[in-house]
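Geometric and topological summary
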Amino acid sequence: MNPDLTEQDLLKGLATGDKKAIETIYKDNFNMVQSLVINNNGSAQEAKDIFQEAMIVLLEKARSGNFELNCQIKTYVYSVSRRIWLKKLQQYSRYSNEVDGAIGTVPVEDDVEEYEKRDQEFAMMEKAIASLGEPCKSLIEAFYIQKRNMQDIANQFGYTNADNAKNQKYKCLMRLKKLFFAQFKNGK
Amino acid sequence: MEDIQLLEAVERYIRGEMKPDERVYFEQLRKTNPEVDQLVVEHTLFIHQMNEVGELRKFKSTLNEVHTDLAEKGEINSDKLQGKSKILYLWKRYKRVATIAATIAGITTITISLLVWSVTPKVPQDEFVKLSRDLATQKTDLANQKKITSKLSQDVNLVRNKVDESLGRPKGPIINYKKGGTGFLIDVKGYLVTNAHVVEGAHNIAVERASGKDFNAEFVFKDVQKDIAILKIKDPDYKSTGTIPYSISKSSADLAVPIFTLGFPIDNIVYGEGYLSSLKGFQNDTSSFQIEISANSGNSGSPILNKNGEVIGVLNGRQTNVQGFTFAIHSKYIFSAIEELKKKDTAFARIKLPTVSSIKNTGREQQVAKIQDFVFIVKVD
């Protein structure tokens, strides 16, 4: 671990999207999670997925600003990974026993549950965007996710002016909102 | 286009892009118009969700970048496991599945085997009947009469002589031949071809012409797999009788060629004709072919001839449950049998198979008349 960065620094860096901080946390924790998953009926790919999910949970925690440093990042990441993996195993009914591990854990059930709820919402939006089809998908992503301006978008998508692009974007947006809220209301 | 302008306003409001006076106006509108307020709430949620998705995507791609970087630098264990650890991992991951699969496979295999075993007729014994004749049960009155009339004493003497001679036994009982088939000469020095199954388990072999002359014989070669046996007449009374009218064909015959045969399903020689119906034999056996001809017990070892008087096969059996499925061994195996025989013992070096048919362009009656003296009943005890 980089001695210059304290755990609190790392979390701040993570919250602000500092790549250096992300890299450090990644490097310090990945192998541990990988061996946890692989030693408990998982693959390397699954280990990567689980670890990255835990990183997202950690990111949420860091961004919420109320990450009380009552445990190390390592313990937290491990606990979250273990929790998520255990759930996945039960879901696949691949293995129903306790997941073995050497490191002590902290209670993370609430955090994982919160993450899962949010992940479900993300999945809804991703699904809605994916079902839009082109050119709507790219148009919407360019405006709402990449946050590019309308003139720029009009040029790229070959609209004669920004107003045409705006009209098209509006139609796409209406469809997307319909798709998303239909799922969102069903999901609630 | 009021909707689109309204939505644009909502977006600008949410993003905080409105000028202060515009903002005041819009907030006023929100308070007085519940539809606008509803739209703001809904769109705020939507925009928030979109932002979250955008950030999540960005974070995920950063994570993947970091992962690849660190893996390349070797600072984390690469996810490409190699060699032993991969096998170990695969085993760990799939051992339960593998165990279950193996168990199921095992049970299935056993079940299927049992099923197949229980429903399969015992081939080839059940379906394939070798057409040798059971003389003991099929003996006709005629045969009985033959045995007890004038030939009897001759037979007895002959047999006794032979037995005394070859086995050194003082005296033998009258040999009661139990089964039989057909054989035909391939060399006038007294060599005959028949089926191996005809002479299987034989103690004594005798051959007899349609004209009634009986000779002792012994087998000098047997190929059980091809079902071919070569017999040699060992009887002082036997004298070579002219030349063999038919030839033995080396080449394989074609589908549908007309064929005929002479054999001893009963004590009298019987003529039959038909055609070659399949180039493969019982259960796709390539050493034999299928023929459409009437054949019965006792026809085993009968020559199968084509219209030129060339022997193309040796009849050896039929399938029991289907009419008209009779099989014959390719005549080329007679050649290979002789080759092997010659290799084994130089005494057989002078065997010469007939290669020219002298009955090529004659009528069937003449062909049969000439051939029948060279076709023998083979009797075995």
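Here's a quick rundown of the structure. (Residues numbered from 1 in each chain as written. Chains lettered and ligands numbered in written order. Predicted model: local features only at pLDDT ≥ 70, side-chain atom pairs only at ≥ 80, totals over all residues. Heavy atoms only, no water.)

Things to note about unusual backbone geometry
Residues and elements named next belong to chain A.
- Following Glu134, the chain continues to Pro135 via a peptide bond in cis, the omega torsion being 0 degrees.
- Along the chain, Pro135 falls in the loop between helix 5 (109–130) and helix 6 (136–145).
- Phi is positive for Lys147, close to 55 degrees, though the residue is something other than glycine.
- For Lys147, the position within the fold is in the loop between helix 6 and helix 7 (150–157).
- With a relative accessible area of 51%, Lys147 lands in the exposed category. (Helix = DSSP H or I, 4+ residues; strand = E, 2+ residues; numbered from the N terminus. Buried < 20%, exposed > 50% of the residue type's maximum accessible area, 1.4 Å probe, protein only.)

Some words on the pairing of strand 11 (residues 288–292) of chain B
Residue and element names in this part refer to chain B.
- With 4 of 5 residues buried, strand 11 lies mostly within the body of the structure.
- Bridge count for strand 10 (residues 270–278) against strand 11 is 3 bridges, and the pairing is antiparallel. The residue of strand 11 that forms the bridge with Tyr275 is Glu292.
- Both strand 11 and strand 14 (residues 326–330) contribute to a ladder of 4 bridges, which runs antiparallel. Considered in strand 14, the bridge of Ile291 is made with Thr326. (Pairing = 2+ DSSP bridges.)

Quick look at a nonpolar patch on the surface
Residue and element names in this part refer to chain B.
- A contiguous nonpolar patch, built from Ile110, Leu114 and Trp117 and spanning about 380 Å² of accessible area, is present on the exposed surface.
- In this structure, Leu114 sits in helix 4 (residues 83–119).
- Residue Leu114 is classed as exposed on the basis of its relative accessible area of 52%. (Patch = residues over 30% accessible without salt bridge, like charges linked within 9 Å, V, L, I, M, F, W, Y side chains within 5 Å. Areas by Shrake-Rupley, 256 points an atom, 1.4 Å probe, with all protein chains shown as cover. Salt bridge = Lys/Arg side-chain N within 4 Å of Asp/Glu carboxyl O.)

Let's talk about the pattern of salt bridges
All names here are of chain B.
- Using the criterion set out here, one finds 20 salt bridges over all chains in the structure.
- The salt bridge partner of Arg12 is Glu22, with a shortest N-O separation of 2.7 Å. Pair noted here: Arg12 is in helix 1 (residues 2–14) and Glu22 is in helix 2 (residues 20–32), with a separation of 10 residues, a long-range link.
- We classify Glu22 as partly exposed; its relative accessible area is 27%.
- Glu273 is the partner of Arg364 in a salt bridge, and the nearest nitrogen-oxygen pair spans 3.4 Å. Within this pair, whereas Arg364 is found in helix 9 (residues 364–371), its partner Glu273 is found in strand 10, the two being separated by 91 residues in sequence.
- Judged by its relative accessible area of 26%, Arg364 falls in the partly exposed class.

Description of the pairing of strand 7 (residues 228–233) of chain B
Residue and element names in this part refer to chain B.
- Counting buried positions along strand 7 gives 6 out of 6 residues, so the element sits mostly inside the fold.
- Every second residue of strand 7 is oriented toward a common face, with Ile228, Ile230 and Lys232 on one face and Ala229, Leu231 and Ile233 on the other, all of them buried.
- With 4 bridges joining them, strand 4 (residues 191–194) and strand 7 adopt antiparallel strand pairing. Within strand 7, the residue paired with Tyr191 across the bridge is Lys232.
- As consecutive antiparallel partners, strand 6 (residues 214–223) and strand 7 are separated by 4 residues, and within that stretch Asp227 has a phi angle of approximately 65 degrees, a positive value.

A few points about the packing of helix 5 of chain A against helix 3 (residues 34–73) of chain B
- Contact geometry of helix 5 of chain A with helix 3 of chain B gives a least axis separation of 10 Å together with a crossing angle of 95 degrees. Between helix 5 of chain A and helix 3 of chain B, the interaxial angle falls into the category roughly perpendicular. Every residue of helix 3 of chain B that contacts helix 5 of chain A at Arg118, Glu121, Phe122, Met125, Glu126 and Ile129 of chain A is listed here: Phe46, Gln49, Met50, Glu52, Val53, Leu56 and Arg57 of chain B.
- Its residues assigned to classes, the contact of helix 5 of chain A with helix 3 of chain B shows 7 nonpolar, 1 polar and 5 charged. (Axes fitted to C-alpha atoms, helices over the stretch in contact; angles between N-to-C directions. Parallel < 35°, antiparallel > 145°, perpendicular 65-115°, else oblique. Contact = heavy atoms within 4.5 Å. Nonpolar A, V, L, I, M, F, W, Y, C, P; charged D, E, K, R; others polar.)

A word on the side chain of Ser287 of chain B
- Mapped onto the elements of the fold, Ser287 of chain B is located in the loop between strand 10 and strand 11.
- A distance of 3.0 Å separates polar atoms of two side chains, one belonging to Ser287 of chain B and the other to Asp285 of chain B. (Polar contact = N/O pair within 3.5 Å; in protein donor to acceptor, adjacent residues only side chain to side chain.)

A word on helix 3 (residues 44–64) of chain A
Residues and elements named next belong to chain A.
- Between its first and last C-alpha, helix 3 extends 30 Å over 21 residues, near the 30 Å set by a 1.5 Å rise per residue.
- Counting buried positions along helix 3 yields 15 of 21 residues, so the element is predominantly enclosed.
- Downstream of helix 3 by a residue or two, Gly65 has a phi angle that is positive, lying close to 75 degrees. (Expected span 1.5 Å × (residues − 1).)

Considerations on the state of the cysteines
All names here are of chain A.
- Tallying each qualifying case throughout the model produces 1 disulfide over all chains.
- At a sulfur-sulfur separation of 2.0 Å, the disulfide partner of Cys136 is Cys172. Measuring handedness by torsion sign, the sulfur bridge of Cys136 and Cys172 sits at about -75 degrees and is left-handed. A residue pair is termed long-range when its members are at least 10 positions apart, and Cys136 in helix 6 and Cys172 in helix 8 (residues 162–187) qualify at 36 residues.
- We classify Cys172 as buried; its relative accessible area is 0%. (Disulfide = S-S within 2.5 Å.)

Considerations on the environment of Gln45 of chain A
All names here are of chain A.
- Mapped onto the elements, Gln45 comes out in helix 3.
- Take Gln45: its relative accessible area is 42%, and that puts it in the partly exposed class.
- For the pair Gln45 and Gln34, spaced 11 residues apart in sequence, the C-alpha to C-alpha distance is 9.1 Å.

Details of helix 9 of chain B
All names here are of chain B.
- Among the residues of helix 9, Gln367, Val368 and Ile371 are the ones counted as buried. Looking down the long axis of helix 9, one finds its buried residues gathered within 95 degrees of arc, a one-sided arrangement.
- Those residues of helix 9 hidden inside the fold are in contact with strand 9 (258–263), strand 10, strand 12 (303–306) and strand 15 (375–380). (Arc of directions from axis to C-beta.)

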